[in-house]
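# Remarks on the overall topology
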Amino acid sequence: MITFEPIGVIHTPHRQPEGMPIQPVGAAGAQGEIIVYEQYVDGLKDLDGFSHIYLLYHFHRMEHSKLLVKPFLDNTTRGVFSTRAPSRPNPIGLSLVKLISIDGNRIVFDGADMLDDTPLLDIKPYVPDFESAEEVKTGWLDKKAIEARKHRSDHRFSRENMT
């Protein structure tokens, strides 16, 4: 058994999944706030020099996982590992967001695509030189990824539809 303890909590304007952005690219202008628990504040040292950070978090309202899903950008059933759907065996989310400010244990960021009160598992700095990939293919998302800017979450991953 592997367990994780949150290092903080993410606050966003999104109280319900329906209607929220499905990726950070569609959440420009949606600011969020992270409250890092006091025992982890020292870990924020030097983070303010980065423009973007990865947030790893728990999909805390996802109760069931499915290996086959209809992702937000498609009506075809896909394997969950070929999607970024929240219905995962290990409900871990990943978002690349713009860091706006850090004040003590409070981080303000832009690109909030997660629900309010989301447990934060980790923060990592975005370093383009570390992330460089050549000859990238995006599979079935090749012609659909651009739609993530305007597409919003619907009911497909709500508790009622996951049973």
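It should be noted that the structure appears before, not after, this text.
The sections below set out a description of the structure shown in this document.

Parameters at a glance
For every chain, the first residue of its written sequence is number 1, and the numbers climb from 1 along that sequence. Thresholds applied to this predicted model are a pLDDT of at least 70 for local features of residues and 80 or more for the giving and counting of side-chain atom pairs; totals over whole chains, interfaces and linings are not thresholded and use all residues. Excluded from the side-chain calculations are hydrogens and water; all other atoms, namely the structure's heavy atoms, are used. Secondary structure elements are taken from DSSP: a helix is a run of H or I of four residues or more, a strand is a run of E of two residues or more, and numbering for both begins at the N terminus. Only protein chains enter the calculation, and the probe is 1.4 Å; a residue is then buried if its accessible area is under 20% of its type maximum, exposed if over 50%, and partly exposed in between. Whether two residues are in contact is decided by their heavy atoms, any of which lying within 4.5 Å being enough. Only four residue types enter the charge count, namely Lys and Arg as positive and Asp and Glu as negative; His and the chain termini do not. A pair is scored as a salt bridge if a Lys or Arg side-chain nitrogen falls within 4 Å of a carboxyl oxygen belonging to Asp or Glu. For the purposes of these results, a polar contact is taken to be a pair of N or O atoms within 3.5 Å, where, inside protein, one atom must be able to donate a hydrogen and its partner to accept one; residues adjacent in sequence count only when each atom of the pair is a side-chain atom. Within this scheme, the nonpolar core is defined by two criteria: the residues are buried Ala, Val, Leu, Ile, Met, Phe, Trp, Tyr or Cys, and they are joined through side-chain atoms within 4.5 Å. Pairing of aromatic rings covers Phe, Tyr and Trp, the last through its six-membered ring, and needs centres within 6.5 Å; plane angles under 30 degrees mean stacked, over 60 mean edge-to-face, and all others mean tilted.

From N to C terminus, the protein chain includes two helices and eight strands. Counted from the first residue to the last, the protein chain has its helices and strands arranged as β-β-β-β-β-β-β-β-α-α. Out of the 163 residues in the protein chain, the part that is buried amounts to 39%. The contacts in the protein chain between residues at least 6 apart in sequence include a share of 80% that link residues at least 24 apart.

Once that is clear, we can look at the side chain of R88. Within the secondary structure layout, R88 lies in the loop between β5 (78-79) and β6 (92-103). For the buried R88, which has no salt bridge, the nearest side chain bearing the opposite charge is D113, at an N-O separation of 12 Å. One polar contact links the side chain of R88 to the main-chain carbonyl oxygen of A85, over a distance of 2.9 Å. Excluding residues within four positions of it along the chain, R88 makes contact with F59, S65, V80, F81 and T83.

This part covers the nonpolar core. By size, the foremost hydrophobic cluster in this structure holds 21 residues, and its most contacted members are I10, I34, I53, L55, I107, F109 and I123. When residues of this core are traced back to their parent elements, those giving at least two are β2 (31-36), β3 (52-58), β6, β7 (106-110) and β8 (118-125). Of all the elements, β3 adds the most residues to this core, at three residues.

What follows covers the packing of aromatic side chains. Counted according to the given criterion, the structure contains two aromatic pairs. Centroid distance Y54 to Y126: 5.9 Å. Interplanar angle 80°. Geometry classified as edge-to-face. Remark: Y126 occurs in the loop between β8 and α1 (128-131) and Y54 occurs in strand β3; sequence separation between them is 72 residues. On the accessibility criterion, Y54 (16% relative accessible area) is buried. Look at Y57 and F59: their rings are 5.6 Å apart centre to centre, the planes differ by 85°, and that puts the pair in the edge-to-face class. By relative accessible area, Y57 is classed as buried at 3%.

Turning to its location among the elements, L115 is positioned in the loop between β7 and β8. A relative accessible area of 12% places L115 in the buried class. Through-space distance from the C-alpha of L115 to that of P13 is 7.6 Å; in sequence the pair is 102 residues apart. In contact with L115, other than residues within four places in its own chain, are I10, T12, H14, R15, Q16, P17, M20, H60 and R61.

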